[in-house]
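Structural features, examined
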Amino acid sequence: MGFFMKLSITINKSLLFLSLFIVSTLPARDAWDWKNIDTSTVVFDTNKMLFGVALAEYQNSGATNLPNSNWAHWEKQPGAIENGQTSGVACDFWHLYKTDINLMKDLGCNSCRLSIDWSAIEPQEGKFDESAVQHYHDVIDSMLAKGITPMVTLHHFVHPQWFEAMGAFEKQENLKFFVRFCVFVFSKFSSKVHLWCPINESGPLAFQSYIIGHFPPTLGYTHLGFKFSFGTAGQVLGNLMKAHVLVYNALKQMPNGDKAQIGFNHQYLNFEGYNVWDKPIATVFRYTFNTVILEFLKTGIFRYDAYGFKATRIIYKDILSCIDFIGLNYYSEVIIRGGDARCYDHEVMTDMQYAIYAEGFYAAIKDLSQFKKPIYITENGIGDAKDDRRETFIKRYLYAMSRAMHDFNADIKGYYYWSLMDNFEWEHGRLHKFGLYEVNFDTLTRTLRPGAACIKQFFKPLPA
């Protein structure tokens with residue numbers, strides 16, 4: 001799951017108004033006439049595209065199974081997780097993966113996006129755990145045996161605590177450790193895995209950790225008080241851009257590198273202001289979460305100029321040569337209203353602080369299509385504990401994707417719903433329910449939600 005956590009903007013507004021020089025160029029918010037749109041005829045051919053679910057190891061296996069991770073340490077801090085929760089085994093995908101792969105097959109999935117956890121593979125610096133390597137061989141082999149193509153993410157917000165202790169992505173000299181891990185994993189699995197995402201959501205990773213304060217390290221809302229560092233966030237974001245290039249080039253030079261498709265994963269996160277007073281705040285956040293990364297994809301130059309911190313780094317001018325596909329994570333848009341993240345009054349809210357807004361999904365696909373790279377929808381889903389909006393969400397968003405493929409030939413190669421089952425939603429713990437399958441966290445039983453069943457009708461193997 002990406003940035004759509006509880007976004008309560010507590011930053012001093014006077015700082016935000018310093019960035020009024022940033023010009024907003026977004027069009028007015030679009031709205032389709034859903035009463036006259038028939039979504040029932042939309043079908044995607046699983047012979048021609050991948051359809052599956054997205055998982056993150058820590059969210060599904062928890063601190064008990066991944067005790068050497070930075071998140072396992074982060075959880076112990078007072079106030080880190082809502083209601084004082086801890087992840088424990090989460091939904092214990094680590095041990096129940098065969099059950100869950102069967103659930104994927106029952107849905108008709110032919111692919112799964114999963115993460116290989118760095119802290120499991122390299123729990124101590126320079127010491128690789130072959131039992132963890134074998135575990136992931138078992139998981140991947142089980143998927144392949146069921147006709148499920150794996151897409152592997154190498155960093156999904158979690159890394160070893162030893163890497164955190166040395167400054168993690170704050171320091172450019174630390175990138176070699178991440179590259180080493182990626183090379184090691186690729187050497188073990190590249191004969192079985194052909195789709196790779198080095199880093200999940202660079203923007204949210206940097207800003208959740210160093211500005212919003214909901215991710216480790218200890219810079220957020222804790223008993224120590226609120227701290228933030230816009231400069232460090234920009235530095236980390238630039239280093240993550242560099243890390244992608246380093247990993248891409250390293251993996252492409254390895255055996256099977258020519259067969260691998262290595263993508264750049266981005267959560268497309270648009271902010272809009274509810275009124276004239278909110279627009280400056282929205283403009284600044286849109287710039288830092290979205291515009292900076294899109295400009296990097298256009299030029300290979302990382303420019304970060306906000307909050308009094310300015311940085312320009314040439315990462316790789318021919319950046320699109322280091323991207324085989326774009327992974328799009330999209331949930332909705334954020335409406336800034338009175339300094340908080342909300343939605344318009346007439347819209348259907350999810351359990352998070354955003355609306356069901358498939359029109360924005362269509363616009364994001366159109367925007368990313370400018371890069372002329374294949375697109376995989378690597379995350380898309382809804383938090384809906386009552387299960388009274390999930391069906392509407394699924395139907396509208398998949399209609400929007402189909403419309404994009406029809407209207408401007410969007411080259412969408414796959415779609416991954418977030419998520420297969422309820423899991424540990426980062427700082428929200430078990431509060432938000434994104435799963436197609438409901439999880440009883442006492443018994444760990446999985447039950448398909450009625451509102452999720454409709455997803456089966458959209459993805460079918462069609463006759464030639």
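Read on for an overview of the structure. (Residues numbered from 1 in each chain as written. Predicted model: local features only at pLDDT ≥ 70, side-chain atom pairs only at ≥ 80, totals over all residues. Heavy atoms only, no water.)

Some thoughts on helix 9 (residues 202-212)
The buried count for helix 9 comes to eleven of eleven residues, which makes it a mostly enclosed element. Considered for burial, the residues of helix 9 that qualify are Ser202, Gly203, Pro204, Leu205, Ala206, Phe207, Gln208, Ser209, Tyr210, Ile211 and Ile212. Tucked into the core, helix 9 has its buried residues touching helix 10 (230-252), strand 6 (261-267), helix 11 (279-299) and strand 8 (301-306). (Buried < 20%, exposed > 50% of the residue type's maximum accessible area, 1.4 Å probe, protein only. Helix = DSSP H or I, 4+ residues; strand = E, 2+ residues; numbered from the N terminus. Contact = heavy atoms within 4.5 Å.)

As for the sheet that holds strand 5 (residues 195-197)
A barrel is described by the order of its strands in space; here eight strands give the closed sequence 2-3-4-5-6-10-13-14, paired in parallel fashion. The mean inter-strand angle of the sheet, taken between neighbouring strand axes irrespective of direction, is 30 degrees. Where strand 3 (residues 111-115) lies against strand 4 (residues 149-153), five bridges are found, and the strand directions are parallel. Looking at the pairing, cysteine 112 lines up with proline 150 of strand 4. The strands that helix 12 (residues 358-368) touches are strand 10 (325-329), strand 13 (375-379) and strand 14 (412-417); relative to strand 10, the one it contacts most, it runs at about 160 degrees. (Pairing = 2+ DSSP bridges. Axes fitted to C-alpha atoms, helices over the stretch in contact; angles between N-to-C directions.)

Remarks on the packing of helix 4 (residues 93-107) against helix 6 (residues 130-145)
Look at helix 4 against helix 6: their axes get within 10 Å of each other, and the N-to-C directions meet at 10 degrees. Taken together, helix 4 and helix 6 sit at an angle that is classed as roughly parallel. Contacts from Phe93, Trp94, Tyr97, Lys98, Ile101 and Met104 of helix 4 reach helix 6 at His135, Tyr136, Asp138, Val139, Ser142 and Met143. (Parallel < 35°, antiparallel > 145°, perpendicular 65-115°, else oblique.)

What to know about the pairing of strand 10
Counted residue by residue, strand 10 has five buried out of five residues, so it is predominantly covered. Across the two faces of strand 10 the burial is the same, with Phe325, Gly327 and Asn329 and Ile326 and Leu328 all buried. As paired strands, strand 6 and strand 10 are joined by five bridges and run parallel to one another. Within the sheet, the bridge partner assigned to glycine 263 lies in strand 10 and is phenylalanine 325. Sheet topology note: the strand 10/strand 13 ladder contains four bridges and is parallel. Counterpart to asparagine 329 in the pairing with strand 13 is glutamate 379.

Side note on the sheet that holds strand 11 (residues 334-337)
Across the sheet, three strands lie side by side as 7-11-12; this open sheet has mixed pairing. In this open sheet, the two strands that pair with only one neighbour each are strand 7 (271-273) and strand 12 (340-342). Neighbour to neighbour, the strand axes of the sheet diverge by 40 degrees on average, direction disregarded. The pairing of strand 11 with strand 12 spans three bridges and is antiparallel. What sits directly across from isoleucine 336, in strand 12, is alanine 341.

Points about helix 6
If you check helix 6, its first and last C-alpha atoms are 22 Å apart, about what 16 residues at 1.5 Å a residue would give, namely 22 Å. All of the buried residues along helix 6 are Ala132, Val133, His135, Tyr136, His137, Val139, Ile140, Ser142 and Met143. Where helix 6 is buried, its residues contact helix 2 (57-65), helix 4, strand 3, helix 5 (118-121), strand 4 and helix 8 (175-189). (Expected span 1.5 Å × (residues − 1).)

Some remarks on the packing of aromatic side chains
By the definition in use, this model includes 42 aromatic pairs. When the ring of tryptophan 34 is compared with that of tyrosine 399, the centres are 5.6 Å apart and the planes differ by 75 degrees; the resulting orientation is edge-to-face. Linking tryptophan 34 in the loop between helix 1 (13-16) and strand 1 (44-45) with tyrosine 399 in helix 13 (residues 390-407), this pair joins segments that are 365 residues apart in sequence. Assessed through its relative accessible area of 15%, tryptophan 34 is described here as buried. Judged by relative accessible area, which is 16%, tyrosine 399 ranks as buried. A centroid spacing of 5.1 Å and a plane angle of 15 degrees characterise the contact between tryptophan 118 and phenylalanine 181, whose relative ring orientation is stacked. With a gap of 63 residues between them, tryptophan 118 in helix 5 and phenylalanine 181 in helix 8 connect regions that are remote in the sequence. Assigned by exposure class, tryptophan 118 and phenylalanine 181 land together as buried. Grouping aromatic residues by their ring pairs yields a cluster made of Trp118, Trp162, Phe163, Phe169, Phe177, Phe178 and Phe181. Over the ring of phenylalanine 441 we find arginine 430, and its NZ or CZ is 5.6 Å from the ring centre. (Phe/Tyr/Trp six-rings, centres within 6.5 Å; stacked < 30°, edge-to-face > 60°. Lys NZ or Arg CZ within 6 Å of the ring centre and 35° of its normal.)

In short, the description is geometric, and any link to function would need to be established separately.
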